[in-house]
Amino acid sequence: MTKKKRWIVLIPLLVIASVGFGMWMLTSKWLDDGLEPKADGSNEYAIVLGAKVKKGNIPSLALQYRLESALDYATKYPHVKIVLSGGQGSDEEIEEAVVMKNYLLENGIAEDRLIVEDQSTSTYENLLYSQKLLPDDVTSVTIITSDYHLQRAKILAEKLNWDTDVVAAPTPKVVETKVRLRERLALLKTHIVGK
């Protein structure tokens, strides 16, 4: 291959690699930005975003971690009302929100603090449908979800004119690489198309 032909091949590869690296760095920053501001009990309502429920109505590890974080937060701030948001997926036997409610009830959270939103099938719907259940004057909420998921949830909440603070649930190590890569793509999509 001649020197000129080599450069014809090499330049596009360098451009693609540079763009890819730039996107990786940008989405890494976005994922980090999602972790702030940390919730301090100042919002009256916290929304727990659903995740997969396995056969036998058992929370997936991701949902279990979100529920444990929600339980800790609800226990620390007993004045906060908790919105449990998640519908029933095609491969689920029950709505995610119902499983979430049962978990919190079994762990001592009073039923009058829990609000069930059981129709949503996406992060945007989690927030949109939850908003419809809250008083019109609510302008700020706490979002409780997996750490990697927070930034996209915050962006979508902002589109609904909500200010947010966050509670970050840990990501299960067994799926961390996969979900973080998928979330990077979802964040790019959200920035481009808005949902």
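Residues numbered from 1 in each chain as written. Predicted model: local features only at pLDDT ≥ 70, side-chain atom pairs only at ≥ 80, totals over all residues. Heavy atoms only, no water.

Draft legend 1. Here's a closer look at the environment of Gly-56. Positionally, Gly-56 belongs in the loop between strand 2 (53–54) and strand 3 (58–59). Sequence separation between Gly-56 and Glu-92 is 36 residues; the distance between their C-alpha atoms is 9.1 Å. (Helix = DSSP H or I, 4+ residues; strand = E, 2+ residues; numbered from the N terminus.)

Draft legend 2. Structural context of the pattern of salt bridges. Enumeration over the complete set of coordinates arrives at five salt bridges. For Asp-91, the salt bridge is made with Lys-52, and the minimal N-O distance between the two is 2.6 Å. Placement of the pair is Asp-91 in the loop between strand 4 (81–85) and helix 3 (96–106) and Lys-52 in the loop between strand 1 (45–49) and strand 2, with a sequence separation of 39 residues. Exposure remark for Lys-52: the relative accessible area of 37% places this residue in the partly exposed category. (Salt bridge = Lys/Arg side-chain N within 4 Å of Asp/Glu carboxyl O. Buried < 20%, exposed > 50% of the residue type's maximum accessible area, 1.4 Å probe, protein only.)

Draft legend 3. Inspection of the nonpolar core at higher detail. Counting 26 residues, the largest nonpolar core has Val-48, Tyr-73, Ile-82, Leu-84, Leu-104 and Ile-144 as its most contacted members. Of all the secondary structure elements, the ones that give two or more residues to this core are strand 1, helix 2 (61–76), strand 4 and helix 3. The element that contributes the greatest number of residues to this core is helix 2, accounting for seven residues. Contact partners of Leu-104, with chain neighbours within four places excluded, come to Leu-67, Leu-71, Ile-82, Leu-84, Ile-109 and Leu-114. The next biggest cluster of nonpolar side chains, apart from the first, holds 18 residues, and it includes Leu-127, Val-141, Ile-143 and Ala-157. (Core = buried A, V, L, I, M, F, W, Y, C linked by side-chain atoms within 4.5 Å. Contact = heavy atoms within 4.5 Å.)

Draft legend 4. Region of interest: the packing of helix 4 (residues 123–133) against helix 5 (residues 150–159). Interhelical geometry of helix 4 versus helix 5 gives an angle of 45 degrees and a closest axis separation of 9 Å. It follows from the interaxial angle that helix 4 and helix 5 lie oblique. The hand of the helix 4/helix 5 crossing is right-handed. In this structure, helix 4 contributes Thr-123, Tyr-124 and Leu-127 to the contact, and helix 5 contributes Arg-152, Ala-153, Leu-156 and Ala-157. (Axes fitted to C-alpha atoms, helices over the stretch in contact; angles between N-to-C directions. Parallel < 35°, antiparallel > 145°, perpendicular 65-115°, else oblique. Left-handed = near helix turned anticlockwise from the far one by under 90°.)

Draft legend 5. Summary view of the sheet that holds strand 7 (residues 163–169). One open sheet accounts for five strands, arranged 5-4-1-6-7; its pairing is parallel. The two strands at the open ends of the sheet, each matched to only one other strand, are strand 5 (114–117) and strand 7. Shown here is a sheet whose adjacent strand axes are inclined to one another by a mean of 25 degrees, direction ignored. Bridge count for strand 1 against strand 4 is five bridges, and the pairing is parallel. Opposite Val-48, over in strand 4, you have Leu-84 as the bridge partner. Against the sheet, helix 3 touches strand 1, strand 4 and strand 5, its axis set at about 145 degrees to strand 4. (Pairing = 2+ DSSP bridges.)

Draft legend 6. Expanded view of the environment of Gln-64. Here Gln-64 shows up in helix 2. In the structure, Gln-64 is positioned 108 residues away from Pro-172 in sequence and 9.6 Å away in space, judged by C-alpha atoms. When near neighbours in sequence (up to four residues on either side) are disregarded, Gln-64 contacts Pro-59 and Tyr-103.

Draft legend 7. Here's a closer look at the environment of Asp-165. Relative to the helices and strands, Asp-165 resides in strand 7. The sequence separation of Asp-165 and Leu-150 amounts to 15 residues, and the corresponding C-alpha distance is 9.6 Å. Excluding residues within four positions of it along the chain, Asp-165 makes contact with Pro-37, Lys-38, Ala-39, Asp-40, Ser-42, Asn-43, Val-141, Thr-142 and Ile-143. A polar contact of 3.0 Å, which involves the side chain of Asp-165, links it to the side chain of Asn-43. (Polar contact = N/O pair within 3.5 Å; in protein donor to acceptor, adjacent residues only side chain to side chain.)

Draft legend 8. Representation of the pairing of strand 1. By the criterion of burial, strand 1 is predominantly enclosed, with five of the five residues buried. Burial along strand 1 is two-sided: the residues Tyr-45, Ile-47 and Leu-49 and Ala-46 and Val-48 are all buried. As judged from the three bridges shared by strand 1 and strand 6 (residues 140–146), these two strands associate in the parallel manner. Directly across from Ile-47, in strand 6, lies its bridge partner Ile-143.

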